[in-house]
Amino acid sequence: PVQYLPGKEPHAREKRLIFKNIDRVGYNPSIECYLENGGYEQLKKAFTMERSAITNEVKASGLRGRGGAGFPTGVKWGFIPPTNTKPVYLICNADESEPGTFKDRYIMHQDPHQLIEGMTIACFAVGAKLSYIYVREEFPYAAKILEKAIAEAHEKGFLGKNILGSGFDCEIYVHRGAGAYICGEETGLIESLEGKRPYPRIKPPYFPAALGLYMSPTIVNNVESLCHVKHIIEMGGAEYAKLGTPNNTGTRILCVSGDVQKPGYYEVEVGKVTMGEVINDLCGGLKPGRKLKAIIPGGSSSKVLRADEKYKLRDGREIGIMDIPMDFDTMAQCGTMAGSGGVIIMDDSRSMTWVINNLNAFYAHESCGQCTPCREGSLWMKKISDRIVGGDASPDDVDTLETVANQIEGKTICAFGEAASWPTQSFIKKFRDELKSDCKPDLTGKIVNEETLVA
Ligand code: L3W
Ligand code: SF4
């Protein structure tokens, strides 16, 4: 029987594809270990297939990007103009920075060859001979581990010239960022890779798949998305699509943090597990004696859900927060998004004023400054929420904060504008009374004077 590290055994509700080997006793990032566990067999299989057939399998799998937007991966690959004569590039977005999200780091640390195999298959499918892994500065170990793994793959003939006698040449380079969240936005990332400030480009009309790195067709995919490619080739797209639910196929890694007994990462079939099962089964429930207050379901940029809300779905059902299936489409119907899989659980000891101040500080720090509503607005949101959390707010400050957030949404070059304004808008909409109350947090975000809150 497979043995796992103590405390890291998969939960019965999990379905592990990406994390199949991770956390097993003795499993390590070396190429020898990867090869002993069937590594690079799917690359060999891919070389027996037509390139277009690989893209078709990825389309048939229904895989949706795991970086935040949930855009269908195979469809994106299909956007490379058929008349293209320029080099094609593949970029792995490993700039994992969304607060609440920590899955890509773990994949890169524990199973780097899984990513390299997935990337090489993707490069073959889209015809990219040059590929980059853009790793955020804060992941120095991931960069080192990946560089070692790339050298090992080279030595064994899985990268470089004429890979495995296929006639296909491919190189992967690790590129380290310099500590900016906006480099996770694909066009900011491309600008950074070109050696410039990471100012996001306006899109539409030109998406990277048509005009990306060096104005050439460029596919940008998240780490986890690229790892899935290997499993799609192994299972076949149609078989992969049986995992999860229609339009929300496969597995995905949820990163659960906050006020639960067992925070951590859990790989589950998309849509087959509800929020209640995540909290009570996978994470062992809330802290003793506490009640659920709110959940940020898909990274800090997603809108907050309040524990006592009801959500009306398109099929007419009305469900509570614990019944929401963890999938892209239902989350959208609940007015939020599944995003990058970062689920932040907050119990009734948590100050919403502190949370929104914390998030506003993050977005004010990370705005690239290119457009005025975001640059000025994010700073004002921080300043106003500083006053609210510090007890120095004027009676109008919560309303002013909401007005500032409303002036950012939809008026900026990239989605960061929405990412910054949605948390503020949703927290004010759902917790206005608390934000206007005398409720005070301590430095860790716990409420110190619970009696000020109206039940
Ligand atoms: C060609 C078209 N390509 C769309 C491509 C596009 C991109 C993908 C999704 O933001 C979200 C954001 C964050 N022709 C195309 C096309 N594409 N139409 O599809 O595009 P888009 O613009 O919907 O999303 P995005 O700009 O990639 C991502 C949210 O995710 N987020 C952030 C996560 C942070 C991380 C992390 O830390 N790992 O990913 C969290 O929820 O707010 O809304 O490739 O080019 N017609
Ligand atoms: Fe930069 Fe913000 Fe404008 Fe995006 S929305 S380009 S992060 S200033």
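Basis of the calculations
Residues numbered from 1 in each chain as written. Chains lettered and ligands numbered in written order. Predicted model: local features only at pLDDT ≥ 70, side-chain atom pairs only at ≥ 80, totals over all residues. Heavy atoms only, no water. Near = heavy atom within 4 Å. 1 Å grid on protein atoms, 1.4 Å probe; cavity = no way out; pocket = protein on both sides within 12 Å on 5 of 7 lines; lining within 4 Å. Sits in = over half its atoms within 2 Å of the grid points. Nonpolar A, V, L, I, M, F, W, Y, C, P; charged D, E, K, R; others polar. Points joined across faces, edges and corners; volume = space filled by probe spheres on them. Pairing = 2+ DSSP bridges. Helix = DSSP H or I, 4+ residues; strand = E, 2+ residues; numbered from the N terminus. Axes fitted to C-alpha atoms, helices over the stretch in contact; angles between N-to-C directions.

1. Concerning the site of ligand 2
Next, step 1: Around ligand 2, 13 residues are found, and the nearest of them are Cys368, Cys371, Cys374, Thr412 and Cys414.
Next, step 2: In this structure, ligand 2 is accommodated by the largest cavity.
Next, step 3: Tallied by class, the residues present in the shell around ligand 2 amount to eight nonpolar, five polar and no charged.

2. Examining empty space enclosed by the protein
Next, step 1: Summed over all chains, the structure comprises two cavities of 30 Å³ or more.
Next, step 2: Counted as a void, the largest cavity has a volume near 70 Å³.
Next, step 3: Every residue lining the largest cavity is listed: Pro200, Cys368, Gly369, Gln370, Cys371, Cys374, Thr412, Ile413, Cys414, Phe416 and Gly417.
Next, step 4: Of the residues assigned to the lining of the largest cavity, the class counts are seven nonpolar, four polar and no charged.
Next, step 5: Computed from the structure, the second largest cavity encloses a volume of approximately 40 Å³.
Next, step 6: Arg252, Leu254, Pro297, Met326, Asp327, Met331, Ala338 and Val343 together form the lining of the second largest cavity.
Next, step 7: Looking at the lining of the second largest cavity, its residues break down into six nonpolar, no polar and two charged.

3. Considerations on the sheet that holds strand β3 (residues 171–176)
Neighbouring strands of a sheet are bound in pairs by backbone hydrogen bonds; such pairs are parallel or else antiparallel.
Next, step 1: Reading across the sheet, the four strands line up as β3-β2-β1-β4 and stay open at both edges, with parallel pairing between neighbours. The sheet is open, and its two borders are formed by β3 and β4 (218–222), each paired with just one other strand. Averaged over neighbouring strand pairs, the angle between their axes works out to 20° when direction is ignored.
Next, step 2: Both strand β2 (residues 128–135) and β3 contribute to a ladder of six bridges, which runs parallel.

All we've got here are geometric facts, nothing functional implied.
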